[in-house]
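Descriptive analysis of the structure
These are the residues of each chain, in order.
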Amino acid sequence: MKRVFQLLNEMTRDGAIPNYAIGGAIGAVFYVEPFATQDIDVFVLMETEQAGLVTEIPGWQYLRDHGYTEIRGEAIVVEDWPLQFVPVSNELEEEAYLNAAVQHFEGEPVRVVLAEHLVAIALQTGRLKDFVRAQMFLSQQAVDEDLLLDIINRHGLEQLWAEFQIKGLQ
Amino acid sequence: MSEKTATKTYPDPTELYSRKEAQRKIEAKRPVSEKMAAVTRLRDFERKLDDVRKANRAKRAAKQVKIKIKTR
């Protein structure tokens, strides 16, 4: 895993991507116990056409040029970890990307989405497994609830938050 | 670091996410030995982050986390 983070930092330094933020389940492991996943979801800003079509996934050519050519589904495999670039696709994800905090793994700095944004994104995605993930953050006291409520209110997630609470997951 | 602010035209990831979900279903059919190896690797990663998680909880308990850039 350390090599994956090193590679993302090298890609940023070499200009292959403007920046990145680790999200999804791997991002969550920085705050709570792990989930049954091994995909590394990496938020990146992408160039788009007016229609919103992604014109180019940043970083892929860089990885190929550095010998990473194994594709598994939508991911490119780095040291046996599937690395998945995910486009920032709404204002909430953009805020999460911009506010990602530097954490450290075995001495290697890595930008990780804040716990509060991970929970808000889970609520926005809205599947049962995302609600379960959000519940883990809350039950393990891994979020600042004032910050989370601020995000929920600013991004219009009040209805999903209410639904989450009604389902008794909090 | 040259941070670029996004335009308000965001890409539509719907198709990407449905392909990811399809791949997840394929991966679920892998042999148990492969799944166990993945779980072991993930557990190893998780254990190495124990102190990081504790520090992150402490920061939140002390109200030290701020959202500096708000998009709404």
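Everything numeric here is computed off the predicted structure, so don't read it as measured data.

1. A few points about the confidence of the model for chain B
As a general rule, the predicted coordinates of low-pLDDT regions are not to be interpreted in detail. All names here are of chain B. Averaged over all residues, the pLDDT of chain B is 84; the fraction at 70 or higher stands at 90%. Helix α3 (residues 50-61) holds the highest mean pLDDT among the elements of chain B, 96, whereas helix α1 (residues 14-27) holds the lowest, 83. Here residues 1-6 scores under 50 on pLDDT; set against residues more than four positions off or in separate chains, the count is 10 contacts. Interface confidence for the predicted complex, expressed as ipTM, amounts to 0.79; the pTM equals 0.85.

2. Some points on the nonpolar core
By size, the foremost hydrophobic cluster in this structure holds 57 residues, and its most contacted members are A21, V42, F43, A96, V113, V119 and A120 of chain A. The residues contacting F43 of chain A, other than those within four sequence positions of it, are Y20, A21, G23, V86, V88, E93, A96, Y97 and V113 of chain A.

3. Concerning the environment of A38 of chain B
With respect to the secondary-structure elements, A38 of chain B resides in helix α2 (residues 32-48). Owing to 18 C-beta atoms within 10 Å, A38 of chain B belongs among the partly exposed residues under this scheme.

4. Regarding unusual backbone geometry
Residues and elements named next belong to chain A. A positive phi angle is found at D80, which is not glycine, with a value near 70°. Residue class for D80 comes out partly exposed when judged on the 14 C-beta atoms lying within 10 Å of it. Even without glycine at this site, E106 takes up a positive phi of about 50°. Following the sequence through the fold, E106 ends up in the loop between β6 (101-105) and β7 (108-112).

Cut-off values and rules
- Residues numbered from 1 in each chain as written.
- Chains lettered and ligands numbered in written order.
- Predicted model: local features only at pLDDT ≥ 70, side-chain atom pairs only at ≥ 80, totals over all residues.
- pLDDT = per-residue confidence, 0-100.
- Helix = DSSP H or I, 4+ residues; strand = E, 2+ residues; numbered from the N terminus.
- Contact = placed C-beta atoms within 7 Å.
- Core = buried A, V, L, I, M, F, W, Y, C linked by C-beta atoms within 7 Å.
- Buried ≥ 20, exposed ≤ 12 C-beta atoms within 10 Å, placed from the backbone.

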